[in-house]
Amino acid sequence: FKPESETKFEVVDTDLIRGRRVIVFDYAVERDKAQQQITYFGYIGDSTITGMRGRIWIDRETHRVLRVESEATEIPSDFPVRSAKRTIDYDWVTISNEKYLLPLLSDVRLTSRENRQFYETRNVIQFKEYQKYGSEVKILDDEEEVKEEKP
């Protein structure tokens, strides 16, 4: 008999991120609950479901997530990807005089094995120059005549 698995969170540390005081939590999610999928596109394409573990940094004042680190666990031994790690940093961004918590940086690293060779890939994305886009919409009744304005 195996008891029902669940996500486990544990306070492990305090830290400072971009001048903000944070509480750091460790977490672990077993494969049957996480349902995290890793897809591999090499000589052949394949995918698998894995568990995950990592850390979350929570702002002490706003209770918002400022960083998430995760690592795949329970990767099947015959799957080409041997390790998958991801870090996402978040920060407050002002757009049209409003503040939003948005991604700042994403760093994804994969180690894979193909034939007897090991490869490591890294994908780093910096998010910057956020902008607000909008448009105006006027809904007309089917019978209303549309008058075209000249530019």
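Counting starts from 1 at the beginning of each chain's written sequence and moves along it residue by residue. Given that the model is predicted, a residue must reach a pLDDT of at least 70 before its local features are reported, and side-chain atom pairs must reach 80 or more before they are shown or counted; all residues, however, enter totals for whole chains, interfaces and linings. The side-chain figures draw on all heavy atoms in the structure; neither hydrogens nor water molecules are used.

## Here's the deal with the overall build of the protein
Heads up, the rule is: Secondary structure elements are taken from DSSP: a helix is a run of H or I of four residues or more, a strand is a run of E of two residues or more, and numbering for both begins at the N terminus. Every residue pair with non-hydrogen atoms within 4.5 Å of one another is taken to be in contact. For accessible areas, the Shrake-Rupley method is used with a probe of radius 1.4 Å. Any residue's cover is judged against the shown protein chains and nothing else.
Helix and strand counts for the protein come out as one helix and eight strands. Secondary structure elements of the protein, listed N to C terminal, follow the sequence β-β-α-β-β-β-β-β-β. The contacts of the protein with a sequence gap of at least 6 include a subset with a gap of at least 24, amounting to 42%. Split by element, the accessible area of the protein, about 12,000 Å² in all, is 47% carbon and sulfur.

## What to know about the layout of surface pockets
Defined as follows: For cavity detection a 1 Å grid was placed over the protein atoms alone, and a set of points counts as a cavity when a 1.4 Å probe fits there but cannot get out; an open set counts as a pocket when protein lies on both sides within 12 Å along at least five of seven lines, with lining residues being those that have an atom within 4 Å of a point. Grid points are joined across faces, edges and corners, and a volume is the space filled by probe spheres set on the points. When residues are sorted by character, Ala, Val, Leu, Ile, Met, Phe, Trp, Tyr, Cys and Pro go into the nonpolar class, Asp, Glu, Lys and Arg into the charged class, and all the rest, Gly among them, into the polar class.
Empty space within the largest pocket amounts to approximately 230 Å³. Of all elements in the fold, only strand E2 (20-29), strand E4 (45-59), strand E5 (65-73), strand E6 (81-95) and strand E7 (98-114) reach the threshold of two or more residues within the lining of the largest pocket. Residue composition of the lining of the largest pocket, by class: one nonpolar, three polar and nine charged. Its boundaries defined by the atoms lining it, the second largest pocket holds a volume of some 190 Å³.

## What about the side chain of Arg67?
Basically, it comes down to this: Pairs of N or O atoms are called polar contacts if they sit within 3.5 Å, as long as, within protein, a hydrogen donor faces a hydrogen acceptor (for residues adjacent in sequence, only side-chain-to-side-chain pairs).
The topology assignment puts Arg67 in strand E5. One polar contact links Arg67 to Asp89, side chain to side chain, over a distance of 2.5 Å.

## Considerations on unusual backbone geometry
Put simply, the rule is: Only protein chains enter the accessibility calculation, which uses a 1.4 Å probe; a residue whose area is less than 20% of its type maximum is buried, one above 50% is exposed, and one in between is partly exposed.
Phi at Glu74 is positive, roughly 55°, even though this residue is not glycine. Here Glu74 shows up in the loop between E5 and E6. Accessibility expressed as a relative area gives 42% for Glu74, which makes it partly exposed. Within the chain, Glu129 stands out as a residue other than glycine whose phi angle is a positive 55°. Mapped onto the elements, Glu129 comes out in the segment after strand E8 (117-126). Judged by its relative accessible area of 67%, Glu129 is exposed.

## A word on the pattern of salt bridges
The cut-off we apply is this: Only one rule defines a salt bridge in this text: a Lys or Arg side-chain nitrogen within 4 Å of an Asp or Glu carboxyl oxygen.
By the definition in use, this model includes eight salt bridges. Note that Glu61 and Arg20 form a salt bridge whose closest N and O atoms lie 3.8 Å from each other. Placement of Glu61 in the loop between E4 and E5 and of Arg20 in strand E2 is noted, with a sequence separation of 41 residues between them. Residue class for Glu61 comes out exposed when judged on its relative accessible area of 65%. A relative accessible area of 28% means that Arg20 is categorised as partly exposed. With a shortest N-O distance of 2.8 Å, Asp107 and Arg122 are connected by a salt bridge. Here Arg122 lies in strand E8 and Asp107 lies in strand E7, a separation of 15 residues in the sequence. The class of Asp107 is buried, set by a relative accessible area of 12%.

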